[in-house]
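Reading the structure
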Amino acid sequence: MSDHSHLIRFLKKQRALSLCASNGNDLWCANCFYVLDETRMAFWLMTEPGTRHGMLMQAQSRVAGTVNGQPKTVLLIKGVQYSGRIQQLTGEREAQARHAYQKRYPIARKVQAPLWEIMLDELKMTDNALGFGKKILWQRDKTGES
C-alpha cells in the first residue's frame with residue numbers, strides 16, 4: 001500500500017477533527033465531525049457561523065488542526081496534522097457534501113447548520129505502527145491540484 005493510500009485509509013476511518021481558527025490575537029479550537037472528500041482532498045464539516053470558531057473562520061479562512069485516534073500505547077500512535085482554507089459551501093457542492101455528511105451521520109438530517117469545506121493544503125501523518133516516528137507527508141501542488 002502506498003503512503004498516500006495509507007493516509008487516506010486512516011482519514012476515512014476517523015470521524016472527528018480538531019479545527020483551529022484565528023484572526024489577529026483571537027484564537028479558538030473546536031471539535032467537529034467530518035467526511036473526507038478524497039477526490040478534492042478536502043474535509044466537509046457542519047457548524048454554525050455564529051459559533052466562536054465560525055466567526056473566526058469567516059474573518060480568516062486559513063485553518064489548521066488534527067485528526068487522531070485514541071491508542072492505548074505510544075507505539076500505536078497515529079495522527080494527522082493539517083492546514084488548509086475553509087469556506088462555507090453553496091449550490092451543487094453543498095448538496096453533494098450534505099448528502100455524504102448525512103449518509104455518514106444520519107442524525108445530521110435533523111440539523112440545518114451550514115456545511116463547510118476545508119480545502120487541504122498540507123497533511124502530515126505520524127504512524128508509530130509503521131516504525132517509531134514514521135511520517136507521511138502530502139502537499140497540494142502550486143496549481144491547486146492534489
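Residues numbered from 1 in each chain as written. Predicted model: local features only at pLDDT ≥ 70, side-chain atom pairs only at ≥ 80, totals over all residues. Heavy atoms only, no water.

In the annotation of an unreviewed UniProt entry, the entry for the chain reads UPF0306 protein F3J37_22615, and the organism field reads Candidatus Pantoea communis. UniProt, in its Sequence similarities (unreviewed entry) section for the chain, records the words "Belongs to the UPF0306 family." (UniProt positions renumbered as here; feature names shortened; annotations may be inferred.)

Here we take up a nonpolar patch on the surface. Together, Val74, Leu75, Leu76, Ile77 and Phe132 make up an exposed nonpolar region whose accessible area comes to about 500 Å². Position of isoleucine 77 among the secondary structure elements: in the loop between strand 4 (62-68) and strand 5 (78-88). (Patch = residues over 30% accessible without salt bridge, like charges linked within 9 Å, V, L, I, M, F, W, Y side chains within 5 Å. Areas by Shrake-Rupley, 256 points an atom, 1.4 Å probe, with all protein chains shown as cover. Salt bridge = Lys/Arg side-chain N within 4 Å of Asp/Glu carboxyl O. Helix = DSSP H or I, 4+ residues; strand = E, 2+ residues; numbered from the N terminus.)

The next subject is the nonpolar core. In this structure, Leu11, Leu17, Leu19, Phe43, Ile118 and Leu123 are the most contacted members of the largest nonpolar core, which totals 28 residues. Looking at which element gives the most residues to this core, the answer is strand 6 (residues 115-127), with 5 residues. Ignoring sequence-local partners within four residues, the contact set of leucine 123 consists of Leu7, Leu11, Met41, Val80, Gln81, Tyr82, Ile136, Leu137 and Trp138. Among the nonpolar cores identified, the runner-up in size contains 10 residues, and Val35, Trp44, Tyr105 and Ala113 belong to it. (Core = buried A, V, L, I, M, F, W, Y, C linked by side-chain atoms within 4.5 Å. Buried < 20%, exposed > 50% of the residue type's maximum accessible area, 1.4 Å probe, protein only. Contact = heavy atoms within 4.5 Å.)

To continue, consider the pairing of strand 6. A regular strand places its side chains so that they alternate between the two faces of the sheet. Where strand 3 (residues 42-46) meets strand 6, 5 bridges bridge the pair, whose relative direction is antiparallel. Residue methionine 46 lies in a different strand from strand 6, and its bridge partner there is leucine 115. Pairing of strand 6 with strand 7 (residues 135-139) involves 5 bridges; the strand directions are antiparallel. Pairing of methionine 125 across the sheet is with isoleucine 136, part of strand 7. (Pairing = 2+ DSSP bridges.)

Let's shift gears to the pattern of salt bridges. Overall, the coordinates contain 8 salt bridges when judged by the stated rule. As a salt-bridge pair, aspartate 26 and arginine 52 come within 3.0 Å of each other at their nearest N and O atoms. Taken as a pair, aspartate 26 in strand 2 (residues 26-37) and arginine 52 in helix 2 (residues 52-59) lie far apart in primary sequence, 26 residues in all. Using a relative accessible area of 38% as the deciding quantity, one classes arginine 52 as partly exposed. The partner of arginine 40 in a salt bridge is glutamate 117, and the shortest N-O contact between them spans 3.0 Å. Placement of arginine 40 in the loop between strand 2 and strand 3 and of glutamate 117 in strand 6 is noted, with a sequence separation of 77 residues between them. Judged by relative accessible area, glutamate 117 falls into the buried class, the value being 1%. Three or more residues are tied together by salt bridges with common partners; here these are Asp37, Arg40, Arg93 and Glu117.

Glancing now at the side chain of glutamate 117. A distance of 3.1 Å separates polar atoms of two side chains, one belonging to glutamate 117 and the other to tryptophan 44. If near-sequence neighbours (up to four positions away) are discounted, glutamate 117 is found in contact with Asp37, Arg40, Ala42, Phe43, Trp44, Arg85, Ile86, Gln87, Leu89 and Arg93. (Polar contact = N/O pair within 3.5 Å; in protein donor to acceptor, adjacent residues only side chain to side chain.)

Attention now goes to the side chain of histidine 53. Along the polypeptide, histidine 53 turns up in helix 2. A relative accessible area of 8% places histidine 53 in the buried class. Here threonine 51 takes part through its side chain, which lies 3.4 Å from a polar atom of the side chain of histidine 53. Apart from the residues within four sequence positions on either side, histidine 53 is in contact with Leu19, Ala21, Trp28, Ala30, Cys32 and Thr47.

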